[in-house]
Amino acid sequence: MPVPWFLLSLALGRSPVVFSLERLVEPQDVAHCSPGLSCHLWDGDILCLPGSIVPALGPVLVPTHLQTELVLRCHQETDCDLCVRVAVHLAVHGHWEEPEEEEKYGGAADQELEKSRNASLQAQVVLSFQGYPTTRCVLLEVEVPAALVQPSQSVGSVVFDCFEAALGGEVRIWSYTQPRYQKELNLTQQLPDCRGLEVRNSIHSCWASPWLNVSTDGDDVRLVLDVPQEQRFGLSLYWKRAQGSSKPWWNRNLTGPQIITLNHTDLVPCLCIQVGTESSWEPVEGDWEDGERSDLPLLLSPFSVLLFEVWPLEPDSIRTNICPFVEDPSAHRNLWRVARLRLLSPLSWLLDAPCSLQAESALCWQALGGGPCRPLVPPLPWENVTVNKAREFPLLEGHPNLCVQVSSWEEIQLQECLWADSLGPLKDDVLLVETRGPQDSRSLCALEPSGCTSLTSRASTRAAHLGEQLLQDLQSGQCLQLLDDDLGALWACPMDKYIHKRWALVWLACLLVAAVLFLLLLLKKEHVKGWLRFLKQDVRSGATTRGRAALLLYSADDAGFERLVGALASALCQLPLRVAVDLWSRRELSAQGPLAWFHAQRLQILQEGGVVVLLFSPGAVALCSEWLQDQAAAPGEHGPHDSFASSLSCVLPDFLQGRAPGRYVGACFDRLLHPDAVPALFHTVPVFSLPSQLPDFLGALEGSCARHPRRLEERAERVSRVLLQALDGCFQAPGDAGPRCAMEPGTGDRT
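Below, the structure is looked at part by part. Owing to the predicted nature of the structure, the values given are computational and were not obtained by experimental measurement.

## A word on the packing of helix α16 (residues 694–702) against helix α17 (residues 709–730)
Working step 1: Running from N to C, α16 and α17 point in directions that differ by 115 degrees, and their axes come no closer than 9 Å. Our classification of the angle between α16 and α17 gives roughly perpendicular. The chirality of how α16 crosses α17 is right-handed. Where α16 abuts α17, its residues Leu694, Pro695, Leu698, Gly699 and Glu702 lie against Leu712, Arg715, Ala716, Val719, Ser720 and Leu723.

## Regarding α17
Working step 1: Its 22 residues give α17 an end-to-end C-alpha distance of 31 Å, which sits within 8% of 32 Å, the value for a rise of 1.5 Å per residue.
Working step 2: Buried within α17 are the following residues: Leu712, Arg715, Ala716, Val719, Ser720, Leu723, Ala726, Leu727 and Cys730. The buried residues of α17 all sit within an arc of 150 degrees when viewed along its axis, so they share a single face. α17 presents Arg710, Glu713 and Gln725 as exposed residues on the side facing more than 90 degrees away from its buried surface.
Working step 3: Buried positions along α17 lie against α11 (559–573), β35 (664–669), β36 (687–690) and α16.

## Quick notes on the packing of aromatic side chains
Any aromatic ring pair is given by two values, namely how distant the centres are and how the planes are angled relative to each other.
Working step 1: Applying the stated criterion across every chain, the model contains eleven aromatic pairs.
Working step 2: An aromatic cluster is built from Phe616, Phe655, Tyr664 and Phe682, whose rings are joined through pairwise contacts.

## Quick notes on the sheet that holds strand β24 (residues 391–392)
Backbone hydrogen bonds hold the strands of a sheet together, and the pairing may be parallel or antiparallel.
Working step 1: A sheet is described by the order of its strands in space; here three strands give the open sequence β19-β20-β24, paired in antiparallel fashion. Each edge of the sheet is formed by a strand with only one pairing partner; in this case those strands are β19 (340–345) and β24.
Working step 2: Bridging between strand β20 (residues 348–352) and β24 involves two bridges; their strand directions are antiparallel. When the sheet's bridge partners are listed, serine 348 is paired in β24 with glutamate 392.

## Remarks on the side chain of glutamine 405
Working step 1: By the element assignment, glutamine 405 lies in strand β25 (residues 402–408).
Working step 2: A distance of 3.2 Å separates a polar atom in the side chain of glutamine 405 from the backbone oxygen of cysteine 373.
Working step 3: If we ignore the near neighbours within four places in the chain, the residues touching glutamine 405 are Glu360, Ser361, Ala362, Cys364, Cys373, Pro375, Trp382, Ile412, Leu414 and Gln415.

## Quick notes on the sheet that holds strand β27 (residues 429–436)
Working step 1: Strand order in the open sheet formed by five strands is β29-β28-β27-β31-β30, with antiparallel pairing between adjacent strands. Each edge of the open sheet carries a strand with a single partner, namely β29 (451–454) and β30 (480–484). Pairs of neighbouring strands in the sheet enclose a mean axial angle of 30 degrees, with direction left out of account.
Working step 2: By the bridge criterion, four bridges tie β30 to strand β31 (residues 488–494) in an arrangement that is antiparallel. Of the residues in β31, the one forming a bridge with glutamine 481 is tryptophan 491.
Working step 3: Packed onto the sheet, helix α7 (residues 467–475) meets β27, β28 (442–448) and β31 and runs at close to 75 degrees relative to β27.

## Regarding a nonpolar patch on the surface
Working step 1: Taken together, the side chains of Val513, Val516, Leu517 and Leu520 define a hydrophobic patch exposed on the protein surface, amounting to about 380 Å² of accessible area.
Working step 2: Take leucine 517: its relative accessible area is 56%, and that puts it in the exposed class.

## Focus on α11
Working step 1: Taking 1.5 Å as the rise per residue, α11 with 15 residues should run 21 Å; its terminal C-alpha atoms sit 21 Å apart, in good agreement.
Working step 2: Of all the residues in α11, the buried ones are Gly560, Phe561, Leu564, Val565, Gly566, Ala567, Leu568, Ala569, Ala571 and Leu572.
Working step 3: Capping the start of α11, aspartate 558 holds a side-chain oxygen 3.2 Å from the backbone nitrogen of glycine 560, two or three residues further along.

## Examining the pattern of salt bridges
Working step 1: Counted under the stated rule, the structure contains 20 salt bridges.
Working step 2: Glutamate 434 is the partner of arginine 436 in a salt bridge, and the nearest nitrogen-oxygen pair spans 3.4 Å.
Working step 3: In this structure arginine 436 comes out as partly exposed when scored by relative accessible area, which is 23%.
Working step 4: Aspartate 728 is the salt-bridge partner of arginine 671, the closest N and O atoms lying 3.5 Å from each other. Taken together, the residues arginine 671 in the loop between β35 and β36 and aspartate 728 in helix α17 connect sequence positions 57 residues apart.
Working step 5: Take aspartate 728: its relative accessible area is 46%, and that puts it in the partly exposed class.

Rules used in this analysis
Residues numbered from 1 in each chain as written. Predicted model: local features only at pLDDT ≥ 70, side-chain atom pairs only at ≥ 80, totals over all residues. Heavy atoms only, no water. Axes fitted to C-alpha atoms, helices over the stretch in contact; angles between N-to-C directions. Helix = DSSP H or I, 4+ residues; strand = E, 2+ residues; numbered from the N terminus. Parallel < 35°, antiparallel > 145°, perpendicular 65-115°, else oblique. Left-handed = near helix turned anticlockwise from the far one by under 90°. Contact = heavy atoms within 4.5 Å. Expected span 1.5 Å × (residues − 1). Buried < 20%, exposed > 50% of the residue type's maximum accessible area, 1.4 Å probe, protein only. Arc of directions from axis to C-beta. Phe/Tyr/Trp six-rings, centres within 6.5 Å; stacked < 30°, edge-to-face > 60°. Pairing = 2+ DSSP bridges. Polar contact = N/O pair within 3.5 Å; in protein donor to acceptor, adjacent residues only side chain to side chain. Patch = residues over 30% accessible without salt bridge, like charges linked within 9 Å, V, L, I, M, F, W, Y side chains within 5 Å. Areas by Shrake-Rupley, 256 points an atom, 1.4 Å probe, with all protein chains shown as cover. Salt bridge = Lys/Arg side-chain N within 4 Å of Asp/Glu carboxyl O.

Coordinates in, geometry out; function isn't part of it.
Spelled out as structure tokens, the structure:
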């Protein structure tokens, strides 16, 4: 008897039941109709051109339902092919329309209407079949007697025998009338392989097909392949992803029979196995040679590298696919065990896992003192997360206390503080949460392990005791804003200074007592007084020499410009300045990456009260203009050591949000770029032209340390001589050896 699709889906489970199929002896395609209908199959295939939908004038036949069955078309007793029988159910659509000008035509119109109603209804039904290795379109003519033509009523079905198909493949079937009066019906089905049907002795290609069983042995899982002796076949393991995609894991050419052993920790729900008779599988580089043991432990790790590439089976190879671990609870636990959260850029991340997962993600705040990570809901709601797809953080700035939680079925599965590696350990900051409601209503609270505490409450918590001070810090701009949207805002306010104040009097008393005792001890010995004076002078000299820190950022336009930057950095190091530049940190830059290196340097410089120097060149101006126009250059267009292009994602927000004054200084070189060419956004901080404005530039770098104008002029003169010599090297004659510095169009030696 024919096997319907829903029975096949039950049969092809983990323990398939064997079904028998109806055998057809007709070598040619045929069509059958329901009683009362007549049908005719056109000879040969037709060209499938559905065309557009046309309005129906009067009743027409339309397909309403598709039904498929599997049969065997046999040429001999043991020489059969798998075939798909298609049944199309038809119904009448529309009704007879009365003549619009009945009075004008009179009885003639009535006779014409009665004649048409007594006529039979005809239709051309097109069946389209697509599946490897067959793609066909056939045409069926169907005639319905007038007695069966009733509006919106089913009139029967027409059956086509049959479309030949390949075992284990996927087929798509369409049906529509010609001309089309409605959208075509379509059906997509996965055909069974040799395991689920009684076809092994009837289809030649199934005779040597491998038979696969899965068994457990303690902590190991065994794949038992029942293959004839010396029969060669291919075995492939892969992860089946959503929407039918798959990712290969391992494949090998084997000789039967075989037993493959897997560790139970390798099992995940989407791990599938494909076995096929070998037609011309070719081992790729790194594959195992024949004769090695087959008890092969496969290690599944998010950091592992695939060593093998799956070569596709030849078209005449029969493949058997099975995914036996879909409902295995231990496989689902393994999946969460190997899943990882990864930070892609300062504001994007992804969930890395071999299989698809149903999960939600949200940001949470991890306090320094421990306790649970508090989800930021509201103002940030839980959102569905897609595996291996990048997601953007809706934040203005990152913070080491911000973490990502991934939950499944209301249970926290993963939690990672992704910024801990780039921004350092957890800080003793308090998170202020502003919730915005209708009619401009706002509420402000501090997120603590016990909950969100209002700053005006009298609760016995640290944030409640310091409520007024935290509000003052927020209004004075001492808190870092992390989020600002319609639902609310987030600020991170440092608490270190309040902890220091708590112990300030105690430490002050201890220091005073220690100082008095130390002075009394020293004053008793005359030779110690001289050592104390020497130590005092040495400390003052050391404090002056140590100086202020400066980070130089520049665009590596060419080798000549890099030499010019190196000369400036070397000259500044001779002054009471501590200079950081990527030219001297190439090894750290290569190990950490330009963005991570810049984050670490910027954080250290600003914490120490230093300054970031933006050295503008034609290339730097072009990069800034592209970023300001939302046309950031692709990362591949810059070298691996170019920290300027990577730093713009953090530098520009400081200028756009007004945090740049006091932290940044701009500069350009005479004859290379005029200060007016620098984008207007960067003129919120001083922009100097070097070496003509060196005294002012050095004064801005040294800040409060620049107390002696005469010394400042002497230092400016020394730096000016170095820069002039380096600039002359940039503008050497074209015939001289060495690269020249790139100049802005229209600039040059104006002397």
